[in-house]
Amino acid sequence: MNDMTPTREQREAKLEGMGCKRKRVEDIRFTQGRGNYVDDLKLPGMLHGDFVRSPHAHARVKSINSEEALKVPGVLAVITAETLKTVNLAWMPTLAGDVQMVLADGKVLFQNQEVAFVVATDRYAADDGINKVVVEYEPLPVVIDPFKAMDADAPVLREDLAGKTTGAHGPRKHHNHVFEWTVGDKDLTDAAFKKADVTIKEMLSYHRTHPSPLETCQCVCSFDKIKGELSIWGTFQAPHVIRTVVALIAKIPEHKIHVISPDIGGGFGNKVGAYPGYICAAVASIVTGKPVKWVEDRIENLTATSFARDYHMTTEIAATKEGKVTGLRVHVLADHGAFDACADPSKWPAGFFNIVTGSYDFPVAHLAVDGIYTNKAPGGVAYRCSFRVTEAAYCIERGMDILAQKLGMDPAELRLKNFIKAEQFPYHSALGWEYDSGDYHTAMKKMMESVDYAGLRKEQSEMRAAFKRGETREIMGLGVSFFTEIVGAGPSKNCDILGIAMFDSCEIRMHPTGAGIARVGSKSQGQGHETTWAQIIATEIGIPADDIMVEEGNTDTAPYGLGTYGSRSTPVAGAAIAMAARKIKAKAQMIAAYKLEVHEGDLEWDIDGFRVKGLPEKTMSMKDICWAAYNSVPPGMEPGLEAVSYYDPPNMTYPFGAYICVMNIDVDTGVYKVRRFYALDDCGTRINPMIIEGQVHGGLTEAFAIAMGQEIRYDDEGNVVTGSFMDFFMPTAVETPHWETDFTVTPSPHHPIGAKGVGESPNVGGVPAFSNAVNDAFSFLGSTHIQMPHDYWRNWRAAKNLGVFA
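Residues numbered from 1 in each chain as written. Predicted model: local features only at pLDDT ≥ 70, side-chain atom pairs only at ≥ 80, totals over all residues. Heavy atoms only, no water.

**Student:** Teacher, can you tell me more about the environment of Asp 742 here?
**Tutor:** One can find Asp 742 in strand S34 (residues 740–743). Remark: the alpha-carbon pair of Asp 742 and Lys 446, spanning 296 residues in sequence, is separated by 9.2 Å. Excluding its chain neighbours within four sequence positions, the residues that come into contact with Asp 742 are Lys 446, Ser 450, Tyr 678, Ala 679, Leu 680 and Asp 681. Engagement of the side chain of Asp 742 in a polar contact is seen with the side chain of Tyr 678, the distance being 2.7 Å. (Helix = DSSP H or I, 4+ residues; strand = E, 2+ residues; numbered from the N terminus. Contact = heavy atoms within 4.5 Å. Polar contact = N/O pair within 3.5 Å; in protein donor to acceptor, adjacent residues only side chain to side chain.)

Here it is as C-alpha cells:
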C-alpha cells in the first residue's frame, strides 16, 4: 500500500454513514431563507379563500346571506354547505370511520367551525367579504364537560347519527357516545385486585392541548379543466393518503390528482388528516378554473384544527405489600370533540393506548375506553407521540409514583422491582403487544448513577426539614419517568388507514457516475430526512452521503407511502431504504463478480466496494460498479442499477428511556425552577447522534410546555379562552430549561438496521417526568395527585389547598 492510499478509517469517514454527526444538508437553504413553503407558492391568476366561522359552540344555522359579501370588490364567490351538496361534498369521511361536515350543514358543533368559504382575488378582499356574510344562528345548549356528555338529559349533538346504535367501532350506548373499546382479561384482573395487599385508584386527566406547528395548515389547489387534473400543494404529513382521500371524496381518478408537499414548518400530528380548507379550495378551483390558496391564521389553527390528548383516565394498580405489581385496571373517558377525526390506524379507536402497562411486568390488565362527543373542535392526533402513547405513559408513570407513595417506597426502587427483565424479551404484555427488545435495568441504573440519585434524595430530605423549620419557602421534587413507547406503525396484520396497509417505501436509482437519488414515501417536517436517509444508503452501498439526493413529498415521483408521524419514519421508511439499498448491493455484487472474473461467493464487502477473498488488492469500488452497470453487465442482466422496496414491518419497535427532572417550587408564588433535566434514550441503532440530540431537545421542550402550562381551555359556553399565543403557553429560549442527554443502545432484532425511532420519545417520557417532579415536591405536604398543567397559579393554589399559608 502506498502512502496515498486512504485508510479504512478515512474511507469510512468519507461516506458520512450511520453513526456520523453529519450536518443537516437541509439547513443550507433554511438558514438562508431559501426554504420552499406552501405560502411561498404564487401561481398566475391565483385566488384566495378564507372562512366565515361560527362564534357559537352549538347553534342551529337559520340562514346564510351572502348578498352584501358578493358586492365587496374582489369577492368572486361564497361557498356554503348547500353549494357543496350539489357535488356531494357537504360531508367528508374521517380517518376514524366517522363523517365530518366540510361546511356547517344545518348547525354548528364547535366554536370557529367553518360555515362558509369566501373566494376573492386576494386575502384582504376575502377577509372583507367574510365580514359581510350575515349568518343567523339559534344558540343551543352546550356540552363541554366530558363527564356530563352522557347524562340522560344531555343535548343531542350529532343529529346526523339519530337512530344509529352502532358506529365504526361497535355499539353506541348514548346519543353522544362514539365507541367503547376494551382489551385484556377483565375477570382475571378483577380477581387480582380482590387478592391484592395494596391498591391505588386515581383519576388522571391529561388535558387538551394542541401541536401548534410554526407553520399553520394551508394549501393551494389548481384544477386544469382541459386535462381534468387537480394539483394540490399542501402541508401534508402523508401526501399519498391525501391523494387517495381526495380521489374517494371528489370522485376524480387518482392518477389525475397530483399532491406535492414542499418544505413543511413542523407537523407534530397536526397535518396528518384532511381539513375543510383543502376540500373548499379544491372545489373553488374547479368552479372558478383558477388556482385557489387557503392559509389559516394562528387563532384558526389553535381553535379549529386537530387537538391532542383530552383523556381522563381512572387508573388502578394492585400490588403486594412488598411492591410487586399484580394487576392494572384503567378506564378512559376520551373527549373526541364534535366529530371522531382521530388520526389513528383504523382498527385502533384509542390508538395504541394499550401500551399502558408500560415497562412493567403486569401479569394481568384490563383497559376500557369510552369515546364521547362534545362541543369542541375534533381531532385527537398524535402530538409528538405514537397514537395515544403519551397519554398511556403519563397514566402508568403517575400511577407508579402514587403506588410508591402509598407503599412508602422510593419511586425508582419500585420501578426497578417491577421492570420487565432483559431475558424476558421478546415480551408479551398483558394487553397484547410483543415488545421486541429492552434492557430497562441498565438504563435506569445509568440514569441514577449519572445524576447521583441518592445524593439528590438526601438533599431533598434536608430541604424538607428546613421547610418545616421555616428556614425556606421552597420545596424540592424529583420526577422519575421510565417509558416504553410503541412506534413504527405498522404491520399490515394490524395497521391500516382507510384500508391501506401502513407499509412504507423507497426507490433508489444510481447514476453512471456513482451519484444517486432516493425517493421515499415518508415526508419530513423538520426531522432531517435528507440528511439521515442518505446516511443509511451510504453505509449500505458505500457511496458518500453527499452523493445521494433524497426526495420526498411528490406523489408523482415518490413511491406510495403512508407518510411521517408517530415516529414511524425510521422504523418503517428507514427499513425500506435499507432493503432497497441491499437490492442495489446484491446486483452490484453480481456485476463486480463478472468484472473481476470470480464467483459472487468469492467476494466480500469492504466499506465502499467489493474485494476478492484472500486477494485484498483485487477490488472494485461501488462507484466503478455504477459505471459498469450502464455499459458492461453480465450476459442476460438488464442494464442500470436501481431498486424499489415496499417494507411491511413484522412488528412495531419499542424505544424506551429513563428521565429525571429536578425542580424547586416556591410555595408563596407557585414559581418553579427546573434545576436539572436528564434524559437517557434508547432508540436502538443511532443513525445520526447530532440529529437525535436535536430531536430530544425539541421533544423535551414540547413536553415542558404541555406539563407546565400549555392548554386548550374552554369556558362553560364553549368559548376557547386560550386561542392565541397570548394565552397558550409557547416556551421560548427564556423559559426552556437546559437539557442533558444520554443513551444506551439496544437494537431492534427485527429491523434491518436495528433502529427504533426517537422523535416522539422525549414528549412521551418528558411530560410524566415534569408532572412527577411537581407531585413529588408536594407529596410531603400530604398531596397524592395534582392535575396538569402545573403553571404558577395552579402550583400556588395547590400550596394554598394544602394549608401552607395557615
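**Student:** Got a minute to help me understand the state of the cysteines in this structure?
**Tutor:** Note on terminology: disulfide describes a covalent bond linking the sulfur atoms of two cysteines. Inspection of every chain in the model, using the stated rule, returns zero disulfides. Looking at Cys 219, it has no disulfide partner, and the nearest cysteine sulfur is the one in Cys 221, 4.1 Å off. (Disulfide = S-S within 2.5 Å.)

**Student:** I keep staring at the sheet that holds strand S27 (residues 548–551) and nothing clicks. Help me out?
**Tutor:** Where strands meet in a sheet, backbone hydrogen bonds hold them as pairs that are either parallel or antiparallel. With mixed pairing, four strands are arranged side by side in an open sheet as S27-S26-S25-S31. A single partner strand is all that each edge strand has here, and the edge strands are S27 and strand S31 (641–647). The average angle at which neighbouring strand axes cross in this sheet is 15 degrees, direction not considered. Sitting on the sheet, helix H14 (residues 529–541) is in contact with strand S25 (504–510), strand S26 (516–520) and S27, with an inclination near 135 degrees to S27. Of the strands in this sheet, S25, S26 and S31 touch helix H15 (residues 569–596), which is tilted by about 145 degrees from S31. (Pairing = 2+ DSSP bridges. Axes fitted to C-alpha atoms, helices over the stretch in contact; angles between N-to-C directions.)

**Student:** What should I look at first to understand the packing of H14 against H15 in this one?
**Tutor:** To describe two helices that pack against each other, one gives the angle between their axes and the distance between the axes. Where H14 meets H15, the closest approach of the two axes is 9 Å, and the angle between their N-to-C directions is 35 degrees. As H14 runs across H15, the sense of the crossing is right-handed. Listed contacts from H15 to His 529, Trp 533, Ile 536, Ile 537, Glu 540 and Ile 541 of H14 are Ser 569, Thr 570, Ala 573, Gly 574, Ile 577, Ala 578, Ala 581, Arg 582, Ile 584 and Lys 585. Counted by class, the contact of H14 with H15 contains nine nonpolar, four polar and three charged residues. (Left-handed = near helix turned anticlockwise from the far one by under 90°. Nonpolar A, V, L, I, M, F, W, Y, C, P; charged D, E, K, R; others polar.)

**Student:** Explain helix H12 (residues 440–450) here, please?
**Tutor:** Tyr 440, His 441, Ala 443, Met 444, Met 447 and Met 448 are the residues of H12 that are buried. Across the axial projection of H12, the buried residues extend over an arc of 165 degrees, all falling on one side. Considering only its buried residues, H12 is in contact with helix H11 (411–418), strand S21 (434–435), helix H13 (453–468), strand S22 (474–484), strand S32 (656–666) and strand S33 (672–682). Two residues or fewer past H12, Asp 452 is found with a positive phi of approximately 55 degrees. (Buried < 20%, exposed > 50% of the residue type's maximum accessible area, 1.4 Å probe, protein only. Arc of directions from axis to C-beta.)

**Student:** Explain the packing of helix H10 (residues 389–407) against H11 to me, please; I cannot follow it from the model alone.
**Tutor:** Viewed as axis vectors pointing N to C, H10 and H11 meet at an angle of 110 degrees, and their least axial separation amounts to 9 Å. Between H10 and H11, the crossing angle belongs to the class labelled roughly perpendicular. Listed contacts from H11 to Glu 397, Met 400, Asp 401, Leu 403, Ala 404 and Leu 407 of H10 are Pro 411, Leu 414, Arg 415 and Asn 418. Grouping the amino acids of the contact of H10 with H11 by side-chain chemistry returns six nonpolar, one polar and three charged. (Parallel < 35°, antiparallel > 145°, perpendicular 65-115°, else oblique.)

**Student:** Can you help me understand the packing of aromatic side chains in this one?
**Tutor:** Between two aromatic rings, the relevant description is the distance of the centres plus the angle of the planes. Applying the stated rule across the entire model yields 39 aromatic pairs. Ring centres of Phe 236 and Tyr 278 lie 5.0 Å apart, and the angle between their planes is 90 degrees; on these two criteria the pair is classed as edge-to-face. Of this pair, Phe 236 sits in the loop between strand S14 (229–234) and helix H7 (239–250) while Tyr 278 is found in helix H8 (residues 276–288), placing the two residues 42 residues apart along the sequence. In this structure Tyr 278 comes out as buried when scored by relative accessible area, which is 6%. Taking 4.9 Å as the distance between ring centres and 75 degrees as the angle between the ring planes, the aromatic pair formed by Trp 605 and Phe 610 counts as edge-to-face. By relative accessible area, which is 3% here, Phe 610 ends up buried. A cation over an aromatic ring shows up here: Arg 208 above the ring of Phe 307, its NZ or CZ 3.4 Å from the ring centre. One residue, Lys 585, lies across the ring of Trp 605, its end atom 4.5 Å from the ring centre. (Phe/Tyr/Trp six-rings, centres within 6.5 Å; stacked < 30°, edge-to-face > 60°. Lys NZ or Arg CZ within 6 Å of the ring centre and 35° of its normal.)

**Student:** Explanation requested: empty space enclosed by the protein in the structure shown.
**Tutor:** Sizing a probe to match a water molecule and rolling it over the atoms shows the empty space that remains. On inspection of all chains with the given rule, the structure shows six cavities of 30 Å³ or more. Lining the largest cavity are 21 residues, and of these Met 92, Gln 100, Gly 273, Ala 274 and Ala 341 lie nearest its centre. Looking at side-chain class alone, the lining of the largest cavity contains 14 nonpolar, six polar and one charged residues. As a volume, the second largest cavity reaches approximately 70 Å³. In terms of lining residues, the second largest cavity is bounded by Leu 89, Leu 230, Val 246, Ile 249, Ala 250, Ile 252, Tyr 278, Ile 279, Ala 282, Val 283 and Ile 286. Counting residues per element, the ones that place at least two in the lining of the second largest cavity are H7 and H8. Ranked by residue count, the leading element in the lining of the second largest cavity is H8, at five residues. Of the residues in the lining of the second largest cavity, the class split is eleven nonpolar, no polar and no charged. (1 Å grid on protein atoms, 1.4 Å probe; cavity = no way out; pocket = protein on both sides within 12 Å on 5 of 7 lines; lining within 4 Å. Points joined across faces, edges and corners; volume = space filled by probe spheres on them.)

**Student:** I'm lost on the sheet that holds strand S12 (residues 198–209) in this one. Help?
**Tutor:** Pairing is mixed across the open sheet formed by five strands, whose spatial order is S11-S19-S18-S17-S12. Where the open sheet ends on each side, the last strands, each with one partner, are strand S11 (177–184) and S12. For this sheet, the mean angle separating the axes of adjacent strands, direction not counted, is 10 degrees. Looking at chain direction, strand S17 (residues 308–319) and strand S18 (residues 325–335) are connected through nine bridges and run antiparallel. If you follow Ala 318 over to S18, its bridge partner there is Gly 327.

**Student:** How should I be thinking about a negative patch on the surface in this particular structure?
**Tutor:** A contiguous patch of negative charge, built from Asp 145, Asp 151, Asp 153, Asp 716 and Glu 717, is present on the exposed surface. Checked against the element boundaries, Asp 153 lands in the loop between strand S8 (134–139) and strand S9 (166–167). (Patch = residues over 30% accessible without salt bridge, like charges linked within 9 Å, V, L, I, M, F, W, Y side chains within 5 Å. Areas by Shrake-Rupley, 256 points an atom, 1.4 Å probe, with all protein chains shown as cover. Salt bridge = Lys/Arg side-chain N within 4 Å of Asp/Glu carboxyl O. Lys, Arg positive; Asp, Glu negative; His and termini not counted. Charge placed at Lys NZ, Arg CZ, Asp CG, Glu CD.)

**Student:** Looking at this model, I keep getting lost on the pairing of S25. Mind explaining?
**Tutor:** For a regular strand, side-chain orientation follows a simple rule: the groups alternate between the two sheet faces. Counting buried residues along S25, six of its seven residues qualify, which places the element largely inside the surrounding structure. Taken together, the seven bridges between S25 and S31 define a ladder with antiparallel strand orientation. By the bridge assignment, Ser 505 is partnered in S31 with Tyr 646. Of the strand pairs in this sheet, S25 and S26 are connected by five bridges, and their pairing is antiparallel. Each residue of the ladder has a partner; that of Met 510, found in S26, is Gly 516. Linking S25 back to S26 in an antiparallel pair, the connection comprises five residues, with Gly 514 at a positive phi of about 95 degrees.

These values are about where atoms sit, not about what they do.
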